[in-house]
Amino acid sequence: AASGPDEAARFARRQTELMRRLEATARVARVTFAMTEPGDEPGARMEAKEAAGAAFAVRSGRVAANYFTVFAVPVLAGRGFEAGDAAPADPSGVPPGTRVVVNRSCAQQVFGGNALGKHIRYAVHGHANAEPSRWYEIGGVVSDFPTGGSAGLDDARLQVYHAVSAGQVQPAVVML
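Residues numbered from 1 in each chain as written. Predicted model: local features only at pLDDT ≥ 70, side-chain atom pairs only at ≥ 80, totals over all residues. Heavy atoms only, no water.

Turning next to the overall build of the protein. Looking only at helices and strands, the protein has three helices and nine strands in total. Shown N-terminal to C-terminal, the secondary structure of the protein runs as helices and strands in the order α-β-β-β-α-β-β-α-β-β-β-β. When burial is assessed residue by residue, the protein has 41% of its 176 residues classed as buried. A sequence separation of at least 24 residues applies to 73% of the contacts in the protein between residues at least 6 apart. Roughly 9,400 Å² of accessible area belongs to the protein as shown, and the carbon and sulfur atoms make up 51% of that amount. (Helix = DSSP H or I, 4+ residues; strand = E, 2+ residues; numbered from the N terminus. Buried < 20%, exposed > 50% of the residue type's maximum accessible area, 1.4 Å probe, protein only. Contact = heavy atoms within 4.5 Å. Areas by Shrake-Rupley, 256 points an atom, 1.4 Å probe, with all protein chains shown as cover.)

Counting 18 residues, the largest nonpolar core has M46, V102, V110, I120 and V160 as the members making the most contacts within it. The leading source of residues in this core is helix α3 (residues 104-111), at four residues. Leaving out residues up to four positions away in the same chain, M46 has contacts with A54, A55, F56, V58, C106, V110, I120, R121, Y122, A123 and V160. A34, V63, A86 and V142 belong to the second largest nonpolar core, which has 13 residues in total. (Core = buried A, V, L, I, M, F, W, Y, C linked by side-chain atoms within 4.5 Å.)

Let us look at unusual backbone geometry. A cis amide bond, omega -10 degrees, links F145 with the succeeding residue P146. Summarising the element assignment, P146 is placed in the loop between β7 (136-142) and β8 (159-163). With omega at 0 degrees, the peptide bond leading from Q170 into P171 counts as cis. Relative to the elements of secondary structure, P171 occurs in the loop between β8 and β9 (173-175). The backbone of A72 sits at a positive phi, close to 55 degrees, despite the residue not being glycine. Here A72 shows up in the loop between α2 (67-70) and β4 (75-78).

Our focus in this paragraph is the side chain of T36. Mapped onto the secondary structure, T36 falls in the loop between β1 (32-34) and β2 (43-48). Exposure remark for T36: the relative accessible area of 16% places this residue in the buried category. Non-local contacts of T36, meaning those with residues more than four positions away in its chain, are made with E41, P42, V173 and M175.

Two faces make up the sheet, and in a regular strand the side chains alternate between them. Here β2 runs beside strand β3 (residues 55-63); their pairing, made up of five bridges, is antiparallel. Paired with G43 across the two strands is R59, which belongs to β3. As consecutive antiparallel partners, β2 and β3 are separated by six residues, and within that stretch G53 has a phi angle of approximately 90 degrees, a positive value. Sheet topology note: the β3/β8 ladder contains five bridges and is parallel. Among the inter-strand pairings, S60 is bridged to a residue of β8, identified as V160. (Pairing = 2+ DSSP bridges.)

One pass over the full model with this rule turns up seven salt bridges. Residues R79 and E82 are paired through a salt bridge, measuring 3.8 Å at the closest nitrogen-oxygen approach. Taking relative accessible area as the criterion, R79 reaches 29% and is therefore assigned partly exposed. Notably, a salt bridge pairs D85 with R99, separated by 3.7 Å at the nearest N-O pair. With D85 in the loop between β4 and β5 (99-103) and R99 in strand β5, this residue pair connects regions lying 14 residues apart in the sequence. Pair check on accessibility: D85 and R99 agree, each one buried. A single network of salt bridges, built from pairs that share partners, joins R79, E82, D85 and R99. (Salt bridge = Lys/Arg side-chain N within 4 Å of Asp/Glu carboxyl O.)

In structure tokens:
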């Protein structure tokens, strides 16, 4: 893990170079990265501005802008991520940017299917003096992913995705 700005910049350059080299390899069709493997995203509690007082258990992942394209995850509403959606890293550890993508299960269970333009934030419980986290706007809805393959993955989870650039998550899982 990078400990300072110079180390973080060096990590970003090395990750970018690794991905460039992998993409140039004849047997590699596409390359992406994320903070975890699909389905292993850490859990969090989410609040919806439009559903005041309710908190929902979600899985939250930080992914490359091309993540949904590489895994052929259909965008059902709005749009997936673009390179400009990956905002500079926040030194506090709060996910960067203000735009998120959610999965179909999240859109249906929290917003009755109409999630575009709605706002979510991460719930802060148990901290008397904690400032509420920032609001994120939902700009896209994707199919539930991953599904099947192993125990537990058939159960739809509420997923929230944040776009990040190379070097913004450490460690990073590079996927071909």
